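The chain contents come next:
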Amino acid sequence: MSKKLKILIVLLVIILALFLYLVLTSRPLDGGAGVKANNQANEIKEKLISDYKNNASRILTDYWQLAEGKDIPVEEGEYLKNRLLELKVPADFKELHLNLVMALTKLNNYLENGDEEEKEESEQMVNQSASEYDWLGK
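Each chain carries its own residue numbering, running from 1 in the direction its sequence is written. Confidence filtering applies because this is a predicted model: local features only for residues at pLDDT of at least 70, side-chain atom pairs given and counted only at 80 or more, and all residues used for totals across whole chains, interfaces and linings. Processing note: side-chain calculations cover all non-hydrogen atoms of the structure and skip hydrogens and water entirely.

Starting at the N terminus, helices and strands are each numbered in turn, a helix being any DSSP run of H or I of at least four residues and a strand any DSSP run of E of at least two. Each helix and strand counted, the protein has 5 helices and 0 strands in total. Mapped from its N terminus to its C terminus, the protein presents α and β elements in the order α-α-α-α-α. In this description the radius of gyration comes from C-alpha coordinates, and the expected globular size is given by 2.2 Å times residues to the power 0.38. Since a compact globule built from 138 residues should have a radius of gyration of about 14 Å, the 31 Å found for the protein marks it as more spread out than a globular shape. Its C-alpha atoms give the protein principal-axis dimensions of about 105 × 20 × 20 Å. In the protein, of all internal contacts separated by at least 6 residues, the share reaching a separation of at least 24 is 66%. Counting rule applied: Lys, Arg positive; Asp, Glu negative; His and chain ends not counted. To locate a charge, the coordinates of NZ of Lys, CZ of Arg, CG of Asp or CD of Glu are taken. Across the protein, the 17 positively charged side chains and the 23 negatively charged ones have centroids separated by 24 Å. By the convention used here, residues are in contact when the closest approach between their heavy atoms is within 4.5 Å.

Note on definitions: angles span 0 to 180 degrees between N-to-C directions of axes, and those axes are lines fitted to C-alpha atoms, for helices only across the stretch in contact. The geometry of helix α4 (residues 94-113) relative to helix α5 (residues 116-132) is characterised by a closest axis approach of 8 Å and an angle of 160° between their N-to-C directions. For the element pair α4 / α5, the angle class is roughly antiparallel. You can see that α4 and α5 cross each other, and the crossing is left-handed. On α5, the residues touching Leu96, Asn99, Leu100, Met102, Ala103, Lys106, Leu107, Asn109 and Tyr110 of α4 are Glu116, Glu118, Lys119, Glu121, Ser122, Met125, Val126 and Ser129. Among the residues forming the contact of α4 with α5, the class breakdown is 8 nonpolar, 4 polar and 5 charged. Should an angle lie under 35 degrees it is considered roughly parallel, over 145 roughly antiparallel, and from 65 to 115 roughly perpendicular; all remaining angles are considered oblique. Left-handed describes a crossing whose near helix is turned anticlockwise from the far helix through less than a right angle; right-handed describes the clockwise counterpart. Put simply, Ala, Val, Leu, Ile, Met, Phe, Trp, Tyr, Cys and Pro go in the nonpolar bin, Asp, Glu, Lys and Arg in the charged bin, and everything else, Gly too, in the polar bin.

Let us now look at α4. One fewer than the residue count of a helix, multiplied by 1.5 Å, yields its expected span. The terminal C-alpha atoms of α4 lie 28 Å apart, and with 20 residues this matches the ideal 28 Å at 1.5 Å per residue to within 8%. Think of it in three bands: with a 1.4 Å probe and only protein chains considered, a residue is buried below 20% of the maximum accessible area for its type, exposed above 50%, and partly exposed in between. Considered for burial, the residues of α4 that qualify are Leu96, His97, Leu100, Val101, Ala103, Leu104, Leu107, Asn108, Tyr110 and Leu111. Positioned one or two residues after α4, Gly114 has a phi angle of 75°, which is positive.

This part takes up the pattern of salt bridges. Definition used for salt bridges: Asp or Glu carboxyl oxygen within 4 Å of a side-chain nitrogen of Lys or Arg. If you walk through the whole model with that rule in mind, you get 3 salt bridges. Between Asp51 and Lys47 there is a salt bridge, with its nearest N and O atoms 2.9 Å apart. Placement of the pair is Asp51 and Lys47 together in helix α2 (residues 33-68), with a separation of 4 residues, close to one helical turn. By relative accessible area, Lys47 is classed as exposed at 52%. Across the pair Arg83 and Asp62 runs a salt bridge, and its minimum N-O distance is 2.7 Å. Placement of Arg83 in helix α3 (residues 74-85) and of Asp62 in helix α2 is noted, with a sequence separation of 21 residues between them.

Let us now look at the nonpolar core. Membership of the largest hydrophobic core comes to 27 residues, with the highest contact counts inside it found for Tyr52, Tyr63, Leu84, Leu96, Leu104, Leu107 and Leu136. Elements that contribute at least two residues to this core include exactly α2, α3, α4 and α5. When residues in this core are grouped by element, the largest group, 9 residues, is from α2. The contact partners of Leu104, leaving out residues within four places of it in the chain, are Ile59, Tyr63, Leu80, Lys81 and Leu84. Residues grouped as a nonpolar core are buried Ala, Val, Leu, Ile, Met, Phe, Trp, Tyr and Cys residues, joined through side-chain atoms within 4.5 Å.

Remember that the coordinates give geometry; whether it matters functionally is a separate question.
Shown next, in the form of structure tokens:
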């Protein structure tokens, strides 16, 4: 083997060794920002779920007071429905939220028209939701 070929092989081995060293010891350029962003997203999601649970259960407490009361103005039912509609809804609770909005709509129909069937359907929907989500308890 010629002297030039030996030097070329040694240089290639050194370059390969440096490349492997850099690949094996380097850190991502984002400095772990992806992990931090994931942690923040999880914290935000947990806070959103917690806030929704607290607010929805308060609204349902008010709902039961309305449903059990007599001669309640329609405005109170509308106010309750609007409070529910203003909540930020986590993806896990979209179906529940839709059912609660429909139940409050039926309660408002009862308050406007006095149709007992609407009130019963509303209570049935809320009871079914409460049985599926124990944190909604009556």
